[in-house]
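Okay, here's what each chain looks like letter by letter:
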Amino acid sequence: MHRTPRPRLVRLAAVCAGPVLALGLVVAPTTAQAVTYVALGDSYSSGLGTRSYLDDGTECRRSAQSYPALVAAARGWSLDLRACSGATIPDVRAAQLGALSTSTQKVTLSVGGNDAGFADVLTECALPAWASDCDAAIDQAQATISGTLPSALSSLYAQIGSRAPSADVVVVGYPRVFMGEDCNALTWFSPEEQTRLNATADRLNSLLAARASAAGFRFANPTSAFTGHAVCDDPEWLNGLSNPVEESYHPNVAGHRDGYAPLVGARVASTSVRITAATEEQAEQDADVLADRARRHTAADRRIEPQEFQAPDLDSPQVQRAARRLGIDTSDRAEVDRFDRRFAAR
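Treat the numbers as computed from the prediction; the structure is a model and nothing was measured.

What counts as what
Residues numbered from 1 in each chain as written. Predicted model: local features only at pLDDT ≥ 70, side-chain atom pairs only at ≥ 80, totals over all residues. Heavy atoms only, no water. Helix = DSSP H or I, 4+ residues; strand = E, 2+ residues; numbered from the N terminus. Contact = heavy atoms within 4.5 Å. 1 Å grid on protein atoms, 1.4 Å probe; cavity = no way out; pocket = protein on both sides within 12 Å on 5 of 7 lines; lining within 4 Å. Points joined across faces, edges and corners; volume = space filled by probe spheres on them. Nonpolar A, V, L, I, M, F, W, Y, C, P; charged D, E, K, R; others polar. Pairing = 2+ DSSP bridges. Axes fitted to C-alpha atoms, helices over the stretch in contact; angles between N-to-C directions.

With that settled, consider the environment of V268. Along the chain, V268 falls in helix α11 (residues 253–269). Each C-alpha atom, one on V268 and one on A141, is 29 Å from the other, the two residues being 127 residues apart in sequence. Aside from chain neighbours lying at most four places away, what touches V268 is V71, W77, K106, V107, T108, D168 and V170.

Pasting the structure below:
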């Protein structure tokens, strides 16, 4: 942890205030420079899911209610919120690493989920079992995690360490989205699919933790913090199928405030971080400053392509072809569900 030392003159003045004033000397008060904090990564750091975003001229979905904004407000740090919805490892390299320097003191990073295609996997698995190939989509994601991500992450972490050699760096993982229940009326995640999806998140977290440790970084694993707060839990810290749909399967306000912020804050600050109503108010007051900083990078941010969950569409050509092949009337919800249970059981 980096601490800004108090100037020696002020320290002497504090203990010798009487003699100094008696000599007629005036010691001007000083203000310690704020700790510099850069938040890198994807939608899980930018704040997608909180439904309130900075007016920064981009589609990054940056929020003053994101955990980086809350941690910065709680600690009085100067935040550069570079995380952007849709960002992959190449996007972080191209559009975000420029925010780092030898004076950067704190860094957090969440990236890897988009590289593994999590949004596409969820989109596929949300369809009825008779119209999707969820297992193949999960297999592909796991192959990417095992195959191409290890070297890509190591390279990225090395770049971060080189650009910000004095910074405390925390790599942030992803929660399990499900706890065995899908209460949304327009999605068809079976319990078996949920188990495999959670196992894929665990596999990615294990990789992130290993590569972070090898780079000398800390890792913040949200699995335990979000247990009991997944989609359809009470209270729910992760959105299920939402309106607008891009909010789906991302941490909501409570997820950032009560889940991520205390967890990540404790790792990056090396002390507990408590998020209060005053903290949230301060974060909102800082929103304009965050937006102004983000606008400096609008051109680069606009090159980042959103990777968003798509709600199941029973009228799509893919679903209609499968329905015709099986003789399913997609206008009959009971029939759709009956065939879903039958195919899921296989």
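To find the voids left in a structure, one rolls a probe of water-molecule size over its atoms. Evaluated as defined, the whole model comprises 1 cavity of 30 Å³ or more. Taken as a whole, the largest cavity spans an internal volume of roughly 340 Å³. Along the wall of the largest cavity there are 26 residues; nearest its centre are Y44, F118, A119, L122 and V177. Of all the elements in the fold, those that place two or more residues in the lining of the largest cavity are α3 (43–46), α6 (118–125) and α9 (191–215). For the lining of the largest cavity, the class distribution of residues is 14 nonpolar, 10 polar and 2 charged.

With parallel pairing, the 5 strands of this open sheet are ordered in space as β2-β1-β3-β4-β5. Sheet topology places β2 (78–81) and β5 (218–220) at the edges, where each strand pairs with a single neighbour. Averaged over all adjacent pairs, the angle separating strand axes in this sheet is 20°, with direction ignored. In the sheet, strand β3 (residues 106–110) pairs with strand β4 (residues 168–172) via 4 bridges, with the strands oriented parallel. Counterpart to K106 in the pairing with β4 is D168. Here helix α8 (residues 149–163) sits on the sheet and contacts β1 (36–41), β3 and β4; the angle it forms with β3, its principal contact strand, is near 165°. Seen against the sheet, α9 touches β4 and β5 and runs at an angle of roughly 160° to β5.

Read these as spatial facts, not as claims about activity.
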